[in-house]
Structures are given as structure tokens and as C-alpha cells.
Number of protein chains: 2
Amino acid sequence: MNQDYIIPNEWSIIEEGFNEDRVKSSESLFSIGNGAMGQRANFEEKYTGETFQGSYIAGVYYPDKTRVGWWKNGYPEYFAKVLNAPNWIGINVCINGEELDLNTCKKISNFRRELNMKEGWLSRSFDATLANGLEIKVETKRFLSIDLDEVGAISYNVTPISADATVIFEPYLDSGIQNEDSNWDDQFWNTINVSTENDQAFIEAHTMKTNFHTCTFMQSEVFVNAKKQEQNPEVEKSATKVSFKYITQVKTNETASIHKFGGYVVDRNHDKNQLITAAKNTLKLATDLGFSTLLSQQKEAWANIWEMADITIEGDVKAQQGIRFNIMQLNHTYLGKDARLNIGPKGFTGEKYGGSTYWDTEAYCLPFYMATKNQEVAKSLLTYRYHQLDKAIENAEKNLGFKNGAALYPMVTMNGEECHNEWEITFEEIHRNGAISFAIFNYHRYTNDYSYIPEMGLEVLIGIARFWHQRVNFSEDKQKYVMLGVTGPNEYENNINNNWYTNYIAKWCIDYALENIEIVKSDFSTDYDRIVTKTNITAEELADWKKVADNMYFPYSEKHQVYLQQDGFLDKELITVADLDQSQRPINQKWSWDRILRSPYIKQADTLQGFYFFEDHFTTEELERHFDFYEPFTVHESSLSPCVHSIQAAKLGRMDQAYTFYLRTSRLDLDDYNKEVEEGLHITSMAGTWMSIVEGFGGMRIKDGLLHFTPQIPKEWDAYSFKINFRNQILKVNVSKKGTEFELEGTKELELLVNNNKILVKPNSLVTV
Amino acid sequence: MNQDYIIPNEWSIIEEGFNEDRVKSSESLFSIGNGAMGQRANFEEKYTGETFQGSYIAGVYYPDKTRVGWWKNGYPEYFAKVLNAPNWIGINVCINGEELDLNTCKKISNFRRELNMKEGWLSRSFDATLANGLEIKVETKRFLSIDLDEVGAISYNVTPISADATVIFEPYLDSGIQNEDSNWDDQFWNTINVSTENDQAFIEAHTMKTNFHTCTFMQSEVFVNAKKQEQNPEVEKSATKVSFKYITQVKTNETASIHKFGGYVVDRNHDKNQLITAAKNTLKLATDLGFSTLLSQQKEAWANIWEMADITIEGDVKAQQGIRFNIMQLNHTYLGKDARLNIGPKGFTGEKYGGSTYWDTEAYCLPFYMATKNQEVAKSLLTYRYHQLDKAIENAEKNLGFKNGAALYPMVTMNGEECHNEWEITFEEIHRNGAISFAIFNYHRYTNDYSYIPEMGLEVLIGIARFWHQRVNFSEDKQKYVMLGVTGPNEYENNINNNWYTNYIAKWCIDYALENIEIVKSDFSTDYDRIVTKTNITAEELADWKKVADNMYFPYSEKHQVYLQQDGFLDKELITVADLDQSQRPINQKWSWDRILRSPYIKQADTLQGFYFFEDHFTTEELERHFDFYEPFTVHESSLSPCVHSIQAAKLGRMDQAYTFYLRTSRLDLDDYNKEVEEGLHITSMAGTWMSIVEGFGGMRIKDGLLHFTPQIPKEWDAYSFKINFRNQILKVNVSKKGTEFELEGTKELELLVNNNKILVKPNSLVTV
């Protein structure tokens, strides 16, 4: 059941009225980020009610020790934890001796929060009557700078309404913070130095075990009625905290303000012994600009993001709000500036799913970044995996006993090492390897940039092909190669045999590796020689691979004329979801694991994921038959499920169904369908929402190097538009009930196909179809 | 590879020479117990070297919180931990100001440990040169009384050799102890009172969470040259420790001695507010008898145990020592006096496998206790499960979603609740339910006592039949009932479909329940009416069960003419263990879990377990075919594996193979085959060793109410003998190379079959065959 408290608005996420039960949910929904850091929308001032504090630095994590009942050989020694970083946003506020705390105010009215998506800032305002009877008005604004991505800025304004007041602002830094998910009571941070210099404060701290060195910093300015006050604030320091005390006197209806600049510098970007210097440089840049200039730059930076990434929807404000929310949060999480970073499933909004990289990146996020950024960003995502190839080979070798450079990429990772520890996932959900090869194919298909393959990608393709070649075995019984003991994308099946999707992508990976070895051999001989020297591939080995690819087993039902999700699928009690007692849903909260496993219910697209990736390999009739066979058993209990089904329903011309799936993915978090948004947002599935519109409703495909569209529009909408960067040409697509318009930037013309008819779009002119 | 440091001896386990690397292993091997408590052979005096401290009280456990990466609905909230109890054996010894510590002595010679199996005591002696140069001789003896099972006694004797000496004995109690397996740093014990009265000391402590109240107690006497010394010892007390200080002056070659009596009283047996009174009563009984009288009683008690349970082997001292070690340790663990207790896989010798009851009890231990004790003991073991039926029903209902009184007994339990938390075990290793029904059948077959079934057993059979009936589903594809997602006895396969053993025992359980419902209906109508009222069984329900039993699917290979361990077994790469690179063994230490799962390797008898239980259902040719198919893939990496194979090899006349399997089971711990004996002993498999001789070499079976034997003898032995209590008649069987002798106690004659020939054995006369 969806919640409904966010005010519909095309460009903003708005909450009105203070409800303490919604504080944690709103802390997630109003999260902000700039790709380098991010934070939940925690209040700056003290709050004694229920809250989930979170501020996260990209690439800074903690390796928690794996502890299980019965250890299994090959388990990773640790699993990563998303790490709550020192708090730099805190500003305690004291008015006439009374500490401001929304949990203890006599009265709160006109409470309003706004996350302005267009301009990239978060604001909050309210009127409060304090316990001492004083009435005040508070307005705050906060953003994390896109341009100076080590810094954030806060403007915090207090206006006494009922009497003159002494307003004390106490901005602080605090490294004595906790993780929600700190099961084993470990300490995560080691604070080494708390220092101040004039009006600047610094906390140097490093993470335990991983030893990431950071400096958290702040500097503040105070104003009365916008006039800057020179002050020598009182300093208070403890082992893990530092605060300044600024005292202002304001008359009734005058405003006391503080501008606080703060953030993190980390040793990924700076010499770890020079972090204070780096922090000072950053603070100087920020304070020289000042709050309002920095805010103007922020608006401009977001205008640039929206210029490329915006999707407009006319006639449906909630749908418009939903898609922009998704696009904004993706940009909060990853902007593609740093190839060492990746896209965590909860971004910077929560701690669950400790890890930054899942197959979500390749399978769901890559298309969004390819189409809405420069192609270097997508290439960065591929390069990330290349840099971790050695660790993937080590993982396959040391942990799983593979030989000869076979690579198994981890299911969940921060640094290339596996950091998840359920055997059925870590050891068996190996289809993830396939998505990594597929992303290379997809990148080349979309960008036509082949350079990544000879430079880096072919080594990845070889490592992955080697893995599949060793992972199968020949069944004397079937006289085919089989793959035993896997978990497919549908994680509601574990340790199954011959998962069709996994077998299919395994065969494809081998074929694709072989194909590219031939291309690199003939067209990039220097690269080829280097790769042969490095990998020792031989003609015999490649022939062995081919034997596997050519003789792979695919379970098939003659009766149903469908590929079977796995061996034995037809032994299940095949009751559709529609006929399942609704009180049993969601099954992952109602049923024990064995019951889920032996049921036919599918968590997310599995066989259909294969039909999504390899649509061209099958006829529409085959897609329809498989969709009609599997979708009725699909419970969509993964946030990644509805988008693929939406795209396929649209392809099959079932727009009502496609729209229903779309709604579920686009406002999943905003309307908190799963009643868990307080834990954080589902970032990676947000890219699936984008795909639902562009590939689903818009029908965008790349075939033989050409863009294809088969535009459709949900009957609930008047029009929608999106933009894509296709091979460095910017194309805007406007779909309305009357037809589709194409608008091209730049100077080159572009040939494309609409409903399989070729059209030529000329630069700076509109083509209507 | 087996170790070899225990001196062969028919009646004793002996270690000579002090080796600090063996301390932990010997602490396991020289463990003692009396069914109510038990302890590792930790030194009484201070020892600063590597040690694994353990003293355990039957039925006292700790529920540790289940913590896993991804929670699964239906998990037990806790898993049990075997709990290290307060230390009562401690005696610090100080000689001329130097504390005795074998880790810091200048020299140790003549170190000898003996576990006297015949008489039930543990002794230790050594000569040591202390750091201060003093030479001393130490002799200790310790036992846990079988008769007074709340008390143990220690005699500790110190003789200075090189000079006169002041010998200070400091006996203590200590509840500030730790568990080896205390992953989450939880506290296990809450000490509520440390008190003394005259020369007695008491520590009252209760376990956290489970709130088991205990009082640990002690009282000591000191002697010089066997002359009792009256002393008013100095008392030292802290929050969790109490000690007395006894000072003795001895001349060179005189002996200072202390007799310490100590142990536990628990609120399972006493009012929790009267534990000190109970402790005083126990101490009075023990001290009134004194060390040597108590020791004489101990010898007598053990003589009685051996009188019934002994197996003699002539011509092979190590085999003799091995079987007696097994029989002794079984008796340390469980004597059948208390139906609330059961047989933990590590007994009182370690912490691993936290839990007292596994299917081991029914499948492996019951035959030993049926044949070597009064039949009440075996009935107690059945009653234990009856008392936990409600919890088994609750487990099936609340955790797994079953209806209508279906019962699923836990895989591991202390109190009837499941306390293991791997989904593939807890939820899926459901064949355990079958062993519980089989034990009822086996008890009746052996004892001819039907009373348990109408009184209690039928309700258990009904609950279990209901479980199987609901656990299967009808496969439209196979037109049979299938059982998906199980783990069989071979735990190297998880979440498999149609495990033959599980399907077979499920069908048998239903058939057996139906059969007994008919018997009780016709012969025990009062019981029947009560049971019908309680369980609401109806004719329709029973007909539904029958439909399942009559249409169960059993995977079968026409090509190999064998039942398949599970669906898809023939897809595996079928390389036998003989052809497997030995460097890969044991696979559970060398391979990742996925590799183990997709391999054909079998941890312990699975299909063959069915052939063991239901031998009569199959021809010897069928057994041979299945043995020849499956044994070559069996790695026997469970301690429970060799015994079943030994019995079957003997049945097939393959005595060399049977003997090899026998050796592996009988000296598994003594020779530390798996290099893990320091963690504790494999108690439940010790009953399998007994079966290997009696059912394997002796060929004992019960058919149509008659005892059958087909005696064979390993060529390495001259003779062997065992005794059984068959339906309250005591029969001794002596097998030699010349033939077999039967000797019967009592007054009634007994008809039995030897190699299928009927013979009549008369009381108190020898029959030779």
C-alpha cells in the first residue's frame, strides 16, 4: 500500500506539517548528495525524537567481520558496511536560554520541507513556540555543492516573533557517531585530532581496519538582519567533538542567521598528512564565494544536469514529480567524475546493502548514464570493473578454486573483493559475471566506441569466458554441458540446476569473447599481442570454450513451448500470483525460506531478464509466450522487477499493464510502497524507471548502429519528452497523443527509425512523426 | 591422517610425556562425565599455556541471538550454546612461594595421564622442577560420581623431593568463566551470591536469558602423609570467585594432600531458593563417605555399566581400547536417568554443535541404549520427543506455515525449540522427522513393548505424517507427489528435489502411522478415543495421506538400476573419490561450498541410510548395486558415515572393507583422524561404532520378533564378545574364528537364528555354533 504525504509538484518534493512518525522517512526522501558525499535530511539543530542519522562519504566503508553459524570455506572474511561519517551539519540553537528541539516544542506550525530538484537544495521552515513560551520562526537551506564537491553549505535563520531574544548558534563537528547497523558493537572511527584555527575547526579521523583518512571541517559566519557580525566565538573541544558558540542579540522580528560551510576531505584525493591544508583550501574557496554565490553556482550546475537528463511528463504531476525524483537521486549518487566510485543500491541515503557495486550498475544503471552524460561516464563504470579484474581472478582462484585466470566478479563490493556472505549468493549467484560482459557489449552498441575493448574490456571478457567454461560440466546423461548449483536473478530459487538465464548468458559471454578476440586480433594487433602475452590464450583453449558454447543445455518445455527457468520448474505447484491469498503477500515477509524456494513465485525478471538483454534473439511471439508464462508467477518483490516488465509489456502493446508497472517503479520510494523508505532509497532501480520511459514507452533501441523508436503514450498522460546523448549527438524526443517530435542539437544530421520507418532528423529542426 | 600418542591398553587411555601442543587434545580425550555433568580434563592447578576450559552441566544452555546477514522469515530467534559452567575443580598450588604451573616449570618428567575406563577415574602424575629449583612429585586423581551425580572428587598430592617445603593449596570456585564460542561477547552467567560456611563455599549463579539457577560448591580436606590436618583456612572472596588457603609444612619425601569435593546443584532438581541447602546435603553425603569410599563406589558403578555394555576384542589391543573408549564416553554423556536430557553430539567435551539433541539420537544412539540398558532408558529417549511434540507442532505452524497439527521436530534442540539457523538445515533437512518415527518402530521391534505407541507415540506419528502429507505437492508434470527443496542426510547437497531417502521415509512414516492408527483403534480403544479427540483425525484425512504415500515419486535410473539420490544426480561429473586428487581432501576444508554442492561427493550415507533403515524392503542384490554405486562417491566426512557403511559391507561379506570402516569410526577421536579432537569428542558416532560390531560383524537383526545373527570376524582379531539385553533377557555373544558361543542369563530360554538357522539357547548354558 502506498503512502501519500508528499505534496505533488513538478519540480519539488514537498512535505507540509510536522509529523514525528514521518521524520525518518523524510530523512530518506529529502536526502541530498553530490556524487562525492551525501546525507540524510537530518535536522541541523538538536532533535531528541526518533531519527536515523546518516552522512556518507563516497568510497569510505568499513569491513565488518563475517560471522556465521557454520563457516564455509571460501567465505569472504568480511562484509562491507556503509559507514556513517562524522557529522558536520550540526548547529545547536539556543534562544533565550531554551534549546531548540522540535521534539519538545510547545507548538509547531507551518512546518514545510522542500527538496528543490531544479536547483539542488533542501529547505525547511517552521514556526515554533518554545517551552519558555517564546515564539520563533525558523528557515534553513542546505545543499552539497556540485562544483566544489567536498563542501556543503547551510543557511540557518531564526526570527523571534513574540519578544526580543538572545540567539546562540553552536555549530559543531562530531566524530563520536554511530552506525544504525553496528551489530557487533565495533567502533568504526578512530579520531586522531580535533583542532581549531580562528573560526575554522577540523576533526581528523580515520576508519578502523580500512584506514581511510578524513578531515571533517567547518567554518561559520553569523548575521543579524543580513549584516555580518564579527565575533570571537567561544570554543569547546572534546576527544571527538568541537563547537563554536556565537551569541547574537535580535529584536522582535529581526533575524539571526548563520552560514555554515562544512564537509570532508579524504586521502583518496589528498595526501593524508595534508588533509587540514586541503580542508583550508576548500573552505577558502567556499567562503570567498559565500553562501549565495555558491547557491547560484549550484542552480547552474543542476540546470546543466537537467538540460541533459530531464524527462517531462504533461498531464500527470505525480508522474512528473516521480521521474524527476528518480533522476535527481541518481545524480546525487553518481556523477561519473571518479572511476574509483560506483553506484550503491541505497546511494547516500541509508546503510542497508553494505556495498557500492552490484550487478545493478551494469544491468540497470548503465543505460541511464550512457544516455544522459558524456560517454566517458559510462566508460568510467566499465573501467571500474577492469581495475578490479585482478581481484575477480583472485576471488575465483582463492575462494572458489578456479584456475587459469578465470574471473568471478563479486556480488557485492567496495574495492573489488567480495563482501557478501550468504553462500547461495556469494558462491552461486554467478550470473552477475554475465551482466559485466553484457555491459561491454551494450556500451559498444550504444556509443560505437570500440576503444574500451582492445584497451581493457577484452581481458575482462576473457576472464569471464574462462569462468563459464570451467563452471559447467558435461552431463553424460544429457550429452550437453550443464550448469549445476546456481542462483539466478530470481533469488527466490537457490542452488538450482540449469537456470536458463545463467546458461544463456554464459554461452553468450563465450561467443562474445570469441568474436572480440577475432576483431582485436585482426584490427588491434598490438593490443592483441599484449593480451595474448598477459592471458596466454591459445587456439586450443578457445576451441574448448566453443565446444561448451555450442553444446550448452537449455531446459525447455515442449508442452508450454517455453524455456524453463530451471530444471524441474514444472514440478512446482503452479498457482498464479492472482490466485494466491493476498494475506500471504509479500511472501518474503510471510513465508519461511523453504516455502518461498519450492513455490513457483519469482522475485524479479529471470527468464524474462534474458529476453530483455537478448530481445533480438527471439521473436515477439516468443517474448509474448514467455511473458505470459512467467509474469503471472512474478511477485515483483525486488525494486528491480517492475521496470523490465514495464518495458516488455510496452513492447507487447499492453500499455495499461506497462503503465501499472511504471507507476510502481517511479513512486516506489516517494509513496513508500514497501513501508521501508526510512531505511533509505532504492537508487539503482531508479535507473530502471528511466528505462521504462525511454525504452518502454519510447521504445528506444539500437539495432545495426541505428536508433529505433516505437513511441507509445500512457492514456493518463498528455505528453512526455526525454533527451538522449546518442554518439555525441543530442536528440530530444517529444511524444504526445498526436505524434512524436524529434529535435536534434548540433550540426550533424541523424538517421533513425520510427516504428521501423527510416527518417532523417536535421540539426535544429523539428521532425514530427 | 591419524595421530598416534595414546598408549595402547585394554582398559585405560594413557598418555606419557608432557607435550604442550597436545594439552587441548588430551583435555578432550581424557574428559569425564556422569550423565548429569561432565568436564574436559583441564588441570586443577594454574596453567598458563594453551587450554580450552570446559565444565558442563546437563540441560544448562544459553540461547545466543541469531544474527545473520539477511534475515529469513521463520528463523529461530536464537541458537543454543553449550555453556561452560563455573569452575569447581580449581586448586592453585604454591610450593615454597612458587606457583605450580606446568607451562613455566624448569623441567617436567614422568608425566603420565590415565583415564581408567574400568573404574571410571582420571589420574595424572609428574615430576617437576620449579623455577625456584625445588623438585616435586605430583599425583592427582579425579572422578565424577555415578552414584552421587551432583558431585565430583579430587585427590591432589604433592611430595617435595629436593627439600622441605611449605605447600599451599588454594582450592577455589570461579564463575567468572568464558565460553570459547562467545562470538558476540555476551555474558552468559550472572553471579548472584558468593558465600562460605566453615570449610564449604558456594557460588549461586544463573544463566542469562534461560535463567537456569545453579549453585557451584566445594569442600576440602588436607592431609600430610595421609594424616588429616585441621585448619581454619583463610578465605578470599570476590564478585565471582571464592578460595580457601590451606598451608601445610612437609619434609622432603613427605606428601601434602588435598581432597576436594565439588560440583553443581541445579534448579531442574531442586527448589531454586534452596540450592545452598541442596549443596550442603550433597557435600555431607560425599564427605561422610570420604574420597576412598566414594572411589570404591565409583568402581562398583562402572563395573555394573561394563557388566552389561562391555565389548571384548581379543588379539587387537587398539581395537579393544577403541571400542571401550566409545562405550565409556557414551556412558559419560547419557545414562538414561532423566527423560528431560538427551545426547549431545559432543557430550560434555566441547562446545561445538550447540545443542543436545540431533537426529543422531534416534538414528544412531537408540540401538546402543536399547541393548545395553534397561528398556526404560530407550523409552525415556522416545518420551523426550513426545514431551516436545507441542513445540514441534508450533515450529511447523509458526515458523514454516504448516497447518492442522503437522509437526516438524527441530534439527538441533535443547528444549524442543529449533536452535540452529542455517536455512538449508533448519527449514530443509526435514528427514530428521522420519528418524523420530523410525525410532518408535525400532523400539517396538526390539523390545516388543507396544505401550509407548498408544500412550504417546501415536500422536507423534500423526503429527509427523501430517507434516509429510503437507510437505509434498502434486507434480502435474510427473503425475506423482514430489518433495521439492530438501537437504538429505548427505549435507553436501542443499535444496534438492526428490531426495530418495526423504521421499522414502516420508512414505514409510505415513504408512506406519496409518498402520498404528488401525492397531490402536482396534486394541486400545480408550487411547484411540483420546487421540482422536485431541488430533481430530478423520477418515477423509487418512485417505488423503494414503493417496500421497501410494503415489510418491522416487527418482530412478533405468541405466544404472538404482534409485537416484535426488533429481538430476546423473548430471554431475561422476568422478569417484578414488580418482579424486588426494590433495583436495577433505573437501569441506579445501573446496568452496558451491563446488561441494555440485560435486557428486557424499558426506555420509544418504540413499544407503535408507537401505540401512529399511534393509528388509530390498534384496541383497539391490543393496549391493546401490552400495557399489554410491559408496565410491562417499567421502565419509561425517563421523556418522563409516558405521553404516561398515554394517553394509559386512552384510555383503566384504569383511576387509567393513573392518577399514570400523577402524575409522572406533579410533576417530583417539587417533584424531580429523585433527580437531581438541574441540571435543564425537559422542553420537560412538554409538555407531557399537553398531558396527553388533549389527555389522555380529549381524544382529530382529525379524518377526526373533533375534538373528550372522557372525563374522575380522581376520585381524582372534575373538570378540558383546552382550545385549533383548526383551529383558541378557544374552552374551562370543565370536571367535572357531565359531560363535551364546550364553544366556536368567531363567527363560531364547530362540534365535544364526545364519538363518534356528537355535534354542537355554539359560546359564553355552551354545556353540
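The rules behind each value
Residues numbered from 1 in each chain as written. Chains lettered and ligands numbered in written order. Predicted model: local features only at pLDDT ≥ 70, side-chain atom pairs only at ≥ 80, totals over all residues. Helix = DSSP H or I, 4+ residues; strand = E, 2+ residues; numbered from the N terminus. Rg over C-alpha atoms; globule rule 2.2 N^0.38 Å. Buried ≥ 20, exposed ≤ 12 C-beta atoms within 10 Å, placed from the backbone. Contact = placed C-beta atoms within 7 Å. Pairing = 2+ DSSP bridges. Nonpolar A, V, L, I, M, F, W, Y, C, P; charged D, E, K, R; others polar. UniProt positions renumbered as here; feature names shortened; annotations may be inferred. Core = buried A, V, L, I, M, F, W, Y, C linked by C-beta atoms within 7 Å. Axes fitted to C-alpha atoms, helices over the stretch in contact; angles between N-to-C directions. Parallel < 35°, antiparallel > 145°, perpendicular 65-115°, else oblique. Left-handed = near helix turned anticlockwise from the far one by under 90°.

Per an unreviewed UniProt entry, chain A goes by the name Glycoside hydrolase, family 65 and belongs to Tenacibaculum jejuense.

S.K.: For this particular structure, what's the right way to read the overall build of chain A?
M.R.: Counting secondary structure elements, chain A contains 19 helices and 33 strands. Its C-alpha radius of gyration of 27 Å places chain A within 12% of the 27 Å reference for a compact globule of 769 residues. Expressed along its principal axes, the backbone C-alpha trace of chain A runs to roughly 85 × 60 × 60 Å. Looking at chain A residue by residue over its 769 residues, the buried ones come to 56%. Long-range contacts, defined here as pairs at least 24 residues apart, represent 68% of the contacts in chain A between residues at least 6 apart.

S.K.: Could you clarify how one ought to interpret the sheet that holds strand 2 (residues 32-33) of chain B in this entry?
M.R.: Strand pairing in a sheet relies on backbone hydrogen bonds, with the paired strands running either antiparallel or parallel. Strand order across the open sheet formed by three strands is 2-3-4 (chain B), with antiparallel pairing between neighbours. This sheet does not close on itself; its edge strands, each paired only once, are strand 2 and strand 4 (55-57) of chain B.

S.K.: I would appreciate a short explanation of the interface of chain B and chain A in the present structure.
M.R.: Interface size is commonly expressed as the accessible surface area that is lost when the partners come together. Contact residues are listed per partner, giving 44 residues for chain B and 44 residues for chain A. Of all the secondary structure elements, the ones that give two or more residues to the side of chain B that touches chain A are strand 22 (473-475), helix 13 (587-590) and helix 14 (593-598) of chain B. Ranked by residues supplied to the side of chain B that touches chain A, first place goes to helix 14 of chain B with five residues. In terms of residue class, the side of chain B that touches chain A is built from 12 nonpolar, 18 polar and 14 charged.

S.K.: How should I be thinking about the UniProt feature "binding site: substrate" (unreviewed entry) in chain A in this particular structure?
M.R.: Residue and element names in this part refer to chain A. Here, UniProt's "binding site: substrate" (unreviewed entry) annotation points to Trp359, Asp360, Lys603 and Gln604. Relative to the helices and strands, Asp360 resides in helix 4 (residues 360-372). Judged by C-beta crowding, with 24 C-beta atoms within 10 Å, Asp360 ranks as buried. Excluding its chain neighbours within four sequence positions, the residues that come into contact with Asp360 are Pro345, Cys365, Leu640 and Thr684. Look at Lys603 and you get buried, because 22 C-beta atoms sit within 10 Å.

S.K.: Before we go on, may I ask you to explain the UniProt feature "domain: Glycoside hydrolase family 65 C-terminal" (unreviewed entry) in chain A in this structure?
M.R.: Mapped onto the present numbering, the UniProt feature "domain: Glycoside hydrolase family 65 C-terminal" (unreviewed entry) falls at residues 700-759 of chain A. Here residues 700-759 of chain A runs as 0% helix and 60% strand, with 14 Å between its end C-alpha atoms.

S.K.: What's the story with the nonpolar core in this structure? I'm lost.
M.R.: Among the nonpolar cores identified, the biggest contains 456 residues, and A:Ala407, A:Leu408, A:Cys509, B:Ala407 and B:Cys509 are the most heavily contacted of them. With residues near it in sequence (within four places) discarded, B:Cys509 still touches B:Gly434, B:Ser437, B:Ile464, B:Ala465 and B:Trp468.

S.K.: When you look at the packing of helix 18 (residues 655-666) of chain A against helix 19 (residues 683-697) of chain A in this model, what are you seeing that I'm missing?
M.R.: Axis angle and axis distance: for two packed helices, these are the angle between their axes and the distance between the axes, and together they describe the pair. All names here are of chain A. Close contact between helix 18 and helix 19 brings their axes to 9 Å; oriented N to C, the two are set at 150 degrees. Compared by their axis directions, helix 18 and helix 19 come out roughly antiparallel. Crossing hand, helix 18 versus helix 19: left-handed. Residues Ala658, Tyr662, Thr665 and Ser666 of helix 18 form the contact with helix 19, whose own contacting residues are Ser685, Gly688, Thr689, Ser692 and Gly696.

S.K.: I would appreciate a short explanation of unusual backbone geometry in the present structure.
M.R.: Excluding glycine, a negative phi dihedral is what most residues carry, and trans is how most peptide bonds are arranged. Cis geometry marks the peptide bond from A:Arg585 to A:Pro586; its omega dihedral reads -15 degrees. Even without being glycine, B:Asn198 reaches a positive phi, approximately 55 degrees. Locating B:Asn198 in the fold gives a position in the loop between strand 14 (189-197) and strand 15 (200-207).

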